[in-house]
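Breakdown of the fold
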Amino acid sequence: MKVSIYKLLGFLLFFSFYHCQAWPRYEFVVKEAPYTRLCSTKNILTVNCQFPGPTLNVNRGDTIVVDVYNRGNYNITIHWHGVKQPRNPWSDGPKYITHTWLRATVHGALIIYPKIGTTYPFPKPDVEIPIILGEWRKEDIMQVYLDLERYAGLGVLSDAYLINGQPGDLYPCSKPVKAILVDNLFFAIANHTVMMVGSDASYLKPFNRTFICLTPCQTVDILLEANQSPNHYYMAASVYTTVLPGSYNNSTTTAIVEYNGNYTPSSPPVFPYLPEYNETEASINFAPSFRSLADKEHPIDVPMEINTHLFYTLSLGSPCKNNSCPGVYGTNLPDFPQLFFHFTADYLPMEWEIPQLGTEGRVLDYNSTVELVFQATNLIKGADHGMHLYGHSFYVVGLGLWNFDKDKDPLTYNLVDPPLQNTIHVPRNGWMAIRFKANNPGVWHMHCHIDQHMVWGMGTAFIVKDGESPEAKMLPPPPDMPPC
Ligand SMILES: [Cu+2]
């Protein structure tokens, strides 16, 4: 039996202003509900009192209407992670302006099936199961956020990791699970190899893995063939990080895959191999295998002529506190760092660790072709980053460790079948090169999905200008758009 598992670390908040009786219509009521995990109960913000939120099942090309009613205590915006809202930036975030941490509990899966009349480019699964990895904190989530903003420290360790809202039986007061994140996670299923067939809602050339590593809000489609002896097998997820022991949550979340039939299961269930928390090699040997199908039925459109070259260094810094950043926003985000240095050196001058604070974005002409290289730096200590762009998907054309070499590395780019993604894991002291065409007018947030980093300021916005034709212009704002 083949089982397709959709793993989603995304968070969906959404409101809509389309109205058509013929379209499927969903109602999301955002409100608080009591939930008990790890022996304690607290009120969390939910969609329809569900945690994780409801799953939406759609076919490619469908238009759906979601009516959202906010009965919570905070203003919210909704973000459809990875689903483009063409010419309509009005209701797709941006986070940070509202309370991003609310998505710790307000999130759910959107499953897109093939267009009606077509099928998958891989064997049709017998069963499809969404798996959402998450985190649980006993503390009120807004208090966590406020502490983080105030102290800019690491005092935000989660109390548990979750699979579909449950921590699993390795935690106290927790039952086995039958089948905002701030950390990268390893994930594996005991005795089973999984086949990767998609990522961020784009198909991949299939490849097999015994474990995978995902950055916050990255999504993958994996096929699991139930070809082992009937038994109970743990699936498990644990952290990958480069911070020091004690500075991260080293627990493991589990769920159990149970085969049908008459047999005596091993007790405890078979446990999978997961790499050590700091095995960088294990965390990065995954992404280079991602390749688009790039065939006649699934063509790619990677920009070959680039007119906008950008090189953004990623470093930990400190947030704009108490409105210490000037103005609301500007358009002067530099295309290149002011100083090129040995970004990944073991020792770097202390004075470079002090960031210049700002709220600058980058204006892009409509249809400009952009190549953006993310270069992680070793400033402070270096870190992994999960970079996410709104409004556009992008092709990952190159990646590597250490400093990007502008003369040599572009020669190694994959321009034949690069994967189309919206969230990528830029490894500590590594780089990634992406390409996209700026063909969606609007203001689009781009940020690191490790929430501490975003709160500390690791984010900016692309302001994509309108094009000439009416179809290349932003739609008007909704009539109920709140004023500034
Ligand atoms: Cu980051």
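Residues numbered from 1 in each chain as written. Predicted model: local features only at pLDDT ≥ 70, side-chain atom pairs only at ≥ 80, totals over all residues.

Okay, the sheet that holds strand β20 (residues 385-389) next. In space, the five strands of this open sheet follow the order β18-β26-β25-β20-β23, with mixed pairing throughout. The open sheet is flanked by β18 (362-364) and β23 (423-426), the only strands paired with a single partner. Ignoring which end each strand starts from, the neighbouring axes of this sheet average 20° apart. Bridge count for β20 against β23 is four bridges, and the pairing is antiparallel. (Pairing = 2+ DSSP bridges. Helix = DSSP H or I, 4+ residues; strand = E, 2+ residues; numbered from the N terminus. Axes fitted to C-alpha atoms, helices over the stretch in contact; angles between N-to-C directions.)

The next point concerns the sheet that holds strand β5 (residues 65-70). Within a sheet, neighbouring strands are paired by backbone hydrogen bonds and run either parallel or antiparallel to one another. The strand order across the open sheet built from three strands is β3-β2-β5, with neighbouring strands paired in mixed fashion. This sheet does not close on itself; its edge strands, each paired only once, are β3 (40-47) and β5. Across the sheet, the axes of successive neighbouring strands diverge by a mean angle of 25°, strand direction being ignored. In this sheet, β5 lies alongside strand β2 (residues 25-37) in parallel orientation, the contact comprising six bridges. Within the sheet, the bridge partner assigned to Val29 lies in β5 and is Tyr69.

Examined against the element boundaries, Ile78 turns out to sit in the loop between β5 and β6 (110-113). According to the C-beta neighbour criterion, Ile78 is buried, with 22 such atoms within 10 Å. Through-space distance from the C-alpha of Ile78 to that of Ser91 is 6.4 Å; in sequence the pair is 13 residues apart. (Buried ≥ 20, exposed ≤ 12 C-beta atoms within 10 Å, placed from the backbone.)

Moving on: the pairing of strand β15 (residues 232-240). With eight of nine residues buried, β15 is to be regarded as a mostly interior element. Here β15 pairs with strand β16 (residues 252-258) via seven bridges, running antiparallel. Residue His232 lies in a different strand from β16, and its bridge partner there is Glu258.

This brings us to the confidence of the model for the protein. Confidence along the protein averages 85 in pLDDT terms, with 88% of residues attaining 70 or more. Across residues 5-20, confidence stays below pLDDT 50; counting only partners more than four residues off in sequence or on other chains, it has 66 contacts. (pLDDT = per-residue confidence, 0-100. Contact = placed C-beta atoms within 7 Å.)

Turning our eyes to something else, we now look at the environment of Thr63. Inspection of the secondary structure puts Thr63 in the loop between β4 (56-59) and β5. The spatial distance from the C-alpha of Thr63 to the C-alpha of Arg25 is 9.4 Å, given a sequence separation of 38 residues.

Glancing now at the nonpolar core. Residues Leu133, Leu185, Phe374, Met432 and Ile434 are the most contacted members of the largest nonpolar core, which totals 79 residues. By residue number, the principal contributor to this core is β15, which donates seven residues. When near neighbours in sequence (up to four residues on either side) are disregarded, Ile434 contacts Leu372, Phe394, Tyr395, Val396 and Val397. (Core = buried A, V, L, I, M, F, W, Y, C linked by C-beta atoms within 7 Å.)

The linkage connecting Phe51 with the following residue, Pro52, adopts the cis geometry, with an omega of -10°. Along the chain, the position of Pro52 falls in the loop between β3 and β4. The amide bond that connects Ser267 to the next residue, Pro268, takes the cis arrangement and shows omega of 0°. Here Pro268 shows up in the loop between β16 and α2 (280-284).

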